[in-house]
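Coordinate analysis (summary)
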Amino acid sequence: MSNRGRPRGFDRDLALQRALEVFWAKGYEGAQVADLTSAMGINPPSFYAAFGSKEAAFREALELYLGTAGAGSMRALEEAETVQEAIEAMLRASVEIALAAPHAKGCLVVLGLVNCAPDNAPLGGHLTEMRHTTFKLIHQRIERGVREGDLPAHVNTQALAAFYCTVMQGLSLRARDGASREELLGTVTLSMGVLNGRTGVRRV
């Protein structure tokens, strides 16, 4: 029996996109296999034949997210000319990503697995590492800003990175709770006061 009953013309890429939409809307633990198969238009044996497990499908969906819908914030961080422009562009992109989520559920990496059951600990650790990577990229961009003269040498780059990582994650939470674009962008503008010199962040 070929493909274990998968329908003719099965499009795995499209199925993965449907899985991403379900996980983004419901989170990992909220999304049931029945939700995934319904969205894909296949039966459970076909789902397991294509993806192996719900966890494997989620991991693939995360990679798809980071390469598509979730890519904007880190791309903005890298491409802007000054660190101030980079951080603001990153936060603004984060607002748009959070609001674009199904039912405005925020960033999949931040909110995809919040209440982690013991059986899901490895997956929770994977998401934690992804968030650590985001922090490292922000920190590296701020350090680069110091080297390029955008920021004074006395700036506490670690504290700044932690602050903006926290702001970015908070934007996602507020979007999930129904905050408007106006409110979220207002938070971005207010937070930029730290980087634009209205609040000093010195090395300790």
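What counts, and where the lines are drawn
- Residues numbered from 1 in each chain as written.
- Predicted model: local features only at pLDDT ≥ 70, side-chain atom pairs only at ≥ 80, totals over all residues.
- Heavy atoms only, no water.
- Helix = DSSP H or I, 4+ residues; strand = E, 2+ residues; numbered from the N terminus.
- Contact = heavy atoms within 4.5 Å.
- Salt bridge = Lys/Arg side-chain N within 4 Å of Asp/Glu carboxyl O.
- Buried < 20%, exposed > 50% of the residue type's maximum accessible area, 1.4 Å probe, protein only.
- Axes fitted to C-alpha atoms, helices over the stretch in contact; angles between N-to-C directions.
- Parallel < 35°, antiparallel > 145°, perpendicular 65-115°, else oblique.
- Left-handed = near helix turned anticlockwise from the far one by under 90°.
- Nonpolar A, V, L, I, M, F, W, Y, C, P; charged D, E, K, R; others polar.
- Arc of directions from axis to C-beta.
- pLDDT = per-residue confidence, 0-100.

**Observations regarding the side chain of Lys54**
The residue Lys54 is located in helix α4 (residues 54–67) in this model. Every residue in contact with Lys54, bar those within four places of it in the chain, is listed here: Phe23, Tyr28, Glu29, Ala31, Val33, Leu36 and Phe47.

**A short note on the environment of Asn196**
In this fold, Asn196 is placed in the segment after α10 (181–195). Here the alpha-carbon distance between Asn196 and Asp150, two residues 46 residues apart in the chain, equals 9.7 Å.

**Points about the pattern of salt bridges**
Per the stated rule, a full pass over the model turns up 10 salt bridges. With a shortest N-O distance of 3.9 Å, Asp177 and Arg176 are connected by a salt bridge. For Asp177, a relative accessible area of 54% corresponds to the exposed category. Three or more residues joined by partner-sharing salt bridges are found here, namely Glu78, Arg144 and Glu148.

**Comments concerning the packing of α4 against helix α8 (residues 121–147)**
Look at α4 against α8: their axes get within 11 Å of each other, and the N-to-C directions meet at 10°. By the criterion of interaxial angle, the relationship of α4 to α8 is roughly parallel. Read as a crossing pair, α4 and α8 show a hand that is right-handed. Between α4 and α8, the residues in contact are Glu55, Phe58, Arg59, Leu62, Glu63 and Leu66 and Pro122, Leu123, His126, Leu127 and Met130, respectively. Residues that form the contact of α4 with α8 fall into these classes: seven nonpolar, one polar and three charged.

**Description of helix α5 (residues 72–79)**
Here α5 has its buried residues at Gly72, Ser73, Ala76 and Leu77. Buried residues of α5, seen end-on, are gathered within an arc of 140° and therefore sit on one face of the element. Of the exposed residues in α5, those oriented more than 90 degrees away from the buried face are Glu78 and Glu79. Those residues of α5 that are buried are in contact with α6 (83–100), α8 and α9 (157–176).

**Comments concerning the confidence of the model for the protein**
Caution applies to low-pLDDT regions: their predicted coordinates should not be interpreted in detail. In this model, the protein carries an average pLDDT of 87, and 87% of its residues clear a pLDDT of 70 or more. The spread of mean pLDDT over the elements of the protein runs between helix α7 (residues 108–111), the lowest at 78, and helix α2 (residues 33–40), the highest at 96. The low-confidence segment residues 1–5, where pLDDT is below 50, has six contacts with residues more than four positions distant or belonging to other chains.

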